[in-house]
Each structure stands twice: as structure tokens, then as C-alpha cells.
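# Per-entry structural report
One letter stands for each residue in the lines below.
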Amino acid sequence: MSLMQAARLHEVGKPFQIDQVDVPEPGPRDVIVEVKACNVVPNLRNVITSYPEWFPYLPLPALPAIYGLDAAGVVSRVGSQVRNVKPGDRVYVNPGRDSGDSHASRRGERINDPAYTFQGYFGFGAGSQEIFEDYPHGGFCEYMKAPADGLVILPESISFEAACRFGYLGTSYSALRKAGTGAGTSVLINGGTGTLGLGAVLNALAMGATKVFAMARDRELLERVRLIDPKRVHVLSHGDKPVEEWVRENTDGLGADIFIDAVGPGAPHEITLAGIEALRRGGRMVDIGGMSEPLPLEMFKLMCFQISVIGSLWFSVAEGQDMAEMAHAGTLDLSVFEHEVFPLSEVNEALDSVDKRRGGFTNVVVVPGS
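Right, let's walk through the structure included here.

### Comments concerning the overall build of the protein
- Counting its regular elements, the protein contains 12 helices and 18 strands.
- Since a compact globule built from 370 residues should have a radius of gyration of about 21 Å, the 20 Å found for the protein is in line with a globular shape.
- Along the three orthogonal principal directions, the C-alpha set of the protein runs to about 65 × 40 × 40 Å.
- Taking all 370 residues of the protein together, the buried fraction comes to 54%.
- Of the contacts made within the protein by residues no fewer than 6 positions apart, 71% connect residues no fewer than 24 positions apart.
- Counting every atom, the protein has about 15700 Å² of accessible surface; 51% of that belongs to carbon and sulfur.

Printed below as a string of C-alpha cells:
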């Protein structure tokens, strides 16, 4: 059996180590992907320094572990029962794994499987450890095993560096779909300059939203967001004007159709409440950032105004394929990202770079084999 390089976490609070490990063998319905790029996600530091204090309902892989959430590369081998994916295919590996035979899986709701797991990251249920054992490779290695039905096929027009941003882009795309984004809709995005929020801006524009309201704190980054499409994008720095007043001024008094909350744990709940207040009657709020503060909601008011509050996790392979097609057609603009590329041997430096980055335009990527 041949060997490959992999960055593994051996001990909490210690750096990743570059180890020699076995190249994986594909199962009948698996493929082996030669990793060309893997995203270094902003939340990774929180995850790998949280053993055992991480959220108790979100299990982590046993150490030593190969992390790396969003990988893209080239299929090098396929299992005996893989019929359509071929060696040489350019792919993004959607890391969402399910048990395959749960009630949710049988209904086609893989993300609702109690054992749903992010390969190379963390899980969502007691069965996640078994899935980690079945698919132990994140993207911080030269080759990874993945199920053939977990792949998004990439056209040549999408670089591997851009493709490994699909995790955050797909999370926002799925949320926008749940909320009914389309031609003629107006979308308010909290955290519009961040990694998730910028993806929501790009996808809302690609899906035909005619007004996109991005709010954040950094005025310079907000101006960069506005310049993506000055006719459709409106921006507000927190504190410059009440959110509801600003949105209604720009929607003929109606309010926004959709509110995407893309700010993470640690953000104050007051801004989220202001975003809900800025919705029109019948509007929908979707949370993708995972704000950890309790959210005091007036349920009677939500009922009377038919306001929906939705939690949305990740995205399907089909939604990832949608994005690949939109990017190839040019409606989803991936050119705004600035890629900071690190070899696998500098994975710890890449993690430091993520911590120092400013806004969602910067995309930190590890390139194994470089």
C-alpha cells in the first residue's frame, strides 16, 4: 500500500503534524479524489481547540484526525460499482455524510439524518463516530475517499481554489432557496461582508433578487460589496440608521421579502431582531450563522404578520451542482475572491492567516502536493 502526506491533529492545543499515512482504498460505491485545494474555514480554530468543551451534541472525530471541510480535486480511482464518475473528473467533495438507511435518509432528507456528519470536521449525532471511521479523511491530505454520490462535477471554468469555497456559498444558496429567492425579491443580509454573508450576496444576485441589502460594520468592505452590483446592492453600516427604517425607505414601505442572518456565535441578538422587524408581511428569516444568544421572539406578532423563522444547515449535492452551473454560465460571480494559497506543509500558517483575514473576500486555501 502506498503512502501519502496528511496534516493530522494529535493533541488539543497543539499544531497539526504532517504525517505519512496510507493512501485510502475505495469501497464499491466510493471514489478516491486527489485533493488539489482545501478551504481553511474560519471556524476551524474553534473546533480543534474545543475538545472536550465543544457543543456536546456535535461530536468530533477521535484523535489523531485529518481535518479539512471543503475539498476540490480530481478523481483518481473509482470503486467497482461506480458507473458514471470517471478518473480525471474535476470535482468538489460535498462533505455531508449520512447513515444511508435512517428514516430521514429513506425520505431523501439526508441532512436530517440523526447521524449527519461533516467529513473532516464534526458530526451531529451519536452515530457520527462510525461515519468518521468510514470516511476518515478531511481535505488536509493528498488523497481522500468519498462516496460517488457526494460529488459535484466541476467545469474547467471553475478553479479548484474557487470550488473549495462552495461550502459557504452552498450554505447561503440553500437558505435563499428555502426562503423563495427569485426574480423581483428583496433580500436583507446581516453580516454581508463576512464569509457566509458575502456568499449570500453573490447567490442572491445570481438568483435574480432585484434588491440586496447588506449590513455589517466595516464601511470599506461594505463599499466593496456594493460595487459588485451598484444598481442592486444597498449597504448599511450598523448604527448609521435603524435597519427597519432603512429597508422600508428602499422598498416603498413594504419591507424585505427575505432576511438572511449570516452572523455567528458571539453576535448580539438585537441586530437579528431588527432584521426580523424589517421584513414585510409574510416575510421569511433564515439563520445560517448560528448566533448562540437566545432570541426573544414575540410569537403572537410573528403569527399575525405571518413571519417565518427558519434554521438552515448546509446544502445538498444537487444544490452544489446548481452553483457549478451558475458559475460556469457567469451568473454566479466567483471572481471576487482573493485566494491565499499555502502548501500542506504550512497548514498551521494557513490557520493563522484565516484568523488575521479581513472580511469574506479573502479565501485561505491549502494545496496538498504543492
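Moving on from the coordinates now.
### Section: the nonpolar core
- Phe-16, Leu-44, Tyr-67, Phe-140, Phe-166 and Ile-260 are the most contacted members of the largest nonpolar core, which has 99 residues in total.
- The dominant element in this core, judged by the number of residues it contributes, is helix α6 (residues 195–206), at eight residues.
- By size, the runner-up hydrophobic cluster in this structure holds 16 residues, among which are Phe-213, Phe-259, Ala-278 and Leu-302.

### Considering the pattern of salt bridges
- In the structure shown here, the tally under the stated rule is 20 salt bridges.
- Of the charged contacts, one joins Arg-219 and Asp-240 as a salt bridge, the two residues approaching to 2.5 Å between their closest N and O atoms. Of this pair, Arg-219 sits in helix α7 (residues 219–226) while Asp-240 is found in the loop between β13 (233–237) and α8 (243–249), placing the two residues 21 residues apart along the sequence.
- We classify Arg-219 as exposed; its relative accessible area is 52%.
- Each of Arg-45, Asp-352 and Asp-355 takes part in a single network of salt bridges with overlapping partners.

### Notes on the packing of helix α5 (residues 166–179) against α6
- As a packed pair, α5 and α6 sit with axes 8 Å apart at the nearest point and diverge in direction by 55 degrees. It follows that α5 is oblique to α6 by the angle criterion. Read as a crossing pair, α5 and α6 show a hand that is right-handed. Residues Tyr-168, Leu-169, Thr-171, Ser-172, Tyr-173 and Leu-176 of α5 form the contact with α6, whose participating residues are Thr-195, Leu-196, Gly-199, Ala-200, Leu-202, Asn-203 and Ala-204.
- Across the contact of α5 with α6, the residue classes break down as eight nonpolar, five polar and no charged.

### Digging into the sheet that holds strand β12 (residues 211–216)
- Strand order in the open sheet formed by six strands is β13-β12-β11-β14-β15-β16, and the pairing between neighbours is parallel. Of all the strands in the sheet, just β13 and β16 (308–311) have a single pairing partner and so form its edges. Adjacent strand axes in the sheet meet at a mean angle of 20 degrees, parallel and antiparallel pairs treated alike.
- Two strands pair when backbone bridges link them, and β12 and β13 are joined in this way by five bridges, in the parallel orientation. Considered in β13, the bridge of Ala-216 is made with Ser-237.

### Comments concerning the packing of aromatic side chains
- Taken as a whole, this structure holds 14 aromatic pairs when the rule is applied.
- When the centroid spacing of 6.0 Å and the interplanar angle of 40 degrees are considered together, the rings of Tyr-116 and Phe-124 count as tilted.
- Over the ring of Tyr-135 we find Arg-97; its NZ or CZ atom is 5.7 Å from the centre of that ring.
- Against the face of Tyr-135 rests Lys-145, its NZ or CZ located 5.3 Å from the ring centre.

Criteria and thresholds
- Position numbers for residues start from 1 in each chain and track the written sequence from start to end.
- Residue-level local features of this predicted model are given only where pLDDT is at least 70; pairs of side-chain atoms are given and counted only at 80 or more, and the full residue set underlies all totals for whole chains, interfaces and linings.
- In computing side-chain values, all of the structure's heavy atoms are included and hydrogens and water are not.
- Only runs of H or I of at least four residues qualify as helices and only runs of E of at least two qualify as strands under DSSP, and these elements are numbered from the N terminus.
- Throughout, radius of gyration means the C-alpha value; the globule benchmark is 2.2 Å times the number of residues raised to the power 0.38.
- Residue exposure (1.4 Å probe, protein chains only): buried if accessible area is under 20% of the type maximum, exposed if over 50%, otherwise partly exposed.
- The criterion used for residue contact is that any of the two residues' heavy atoms lie within 4.5 Å.
- For accessible areas, the Shrake-Rupley method is used with a probe of radius 1.4 Å. Any residue's cover is judged against the shown protein chains and nothing else.
- In these notes, a set of buried Ala, Val, Leu, Ile, Met, Phe, Trp, Tyr and Cys residues joined through side-chain atoms within 4.5 Å is what counts as a nonpolar core.
- Should a side-chain nitrogen of Lys or Arg be within 4 Å of a carboxyl oxygen of Asp or Glu, the pair is scored as a salt bridge.
- The axes are straight lines fitted to the C-alpha atoms, using for helices just the contacting stretch, and the angles between their N-to-C directions are given from 0 to 180°.
- For classification, angles of less than 35 degrees are called roughly parallel, those exceeding 145 degrees roughly antiparallel, those between 65 and 115 degrees roughly perpendicular, and all remaining angles oblique.
- Should the near helix be turned counterclockwise from the far one by less than a right angle, the crossing is left-handed, whereas a clockwise turn marks it as right-handed.
- Under this grouping Gly is polar, as are all residues other than the nonpolar Ala, Val, Leu, Ile, Met, Phe, Trp, Tyr, Cys and Pro and the charged Asp, Glu, Lys and Arg.
- Should DSSP find at least two bridges between two strands, the strands are regarded as paired.
- The rule is short: rings of Phe, Tyr and Trp, with Trp giving its six-membered ring, pair when the centres are within 6.5 Å, and they are stacked under 30 degrees, edge-to-face over 60, tilted in between.
- Whether a charge sits over a ring comes down to the Lys NZ or Arg CZ being within 6 Å of the ring centre and within 35 degrees of the ring normal.

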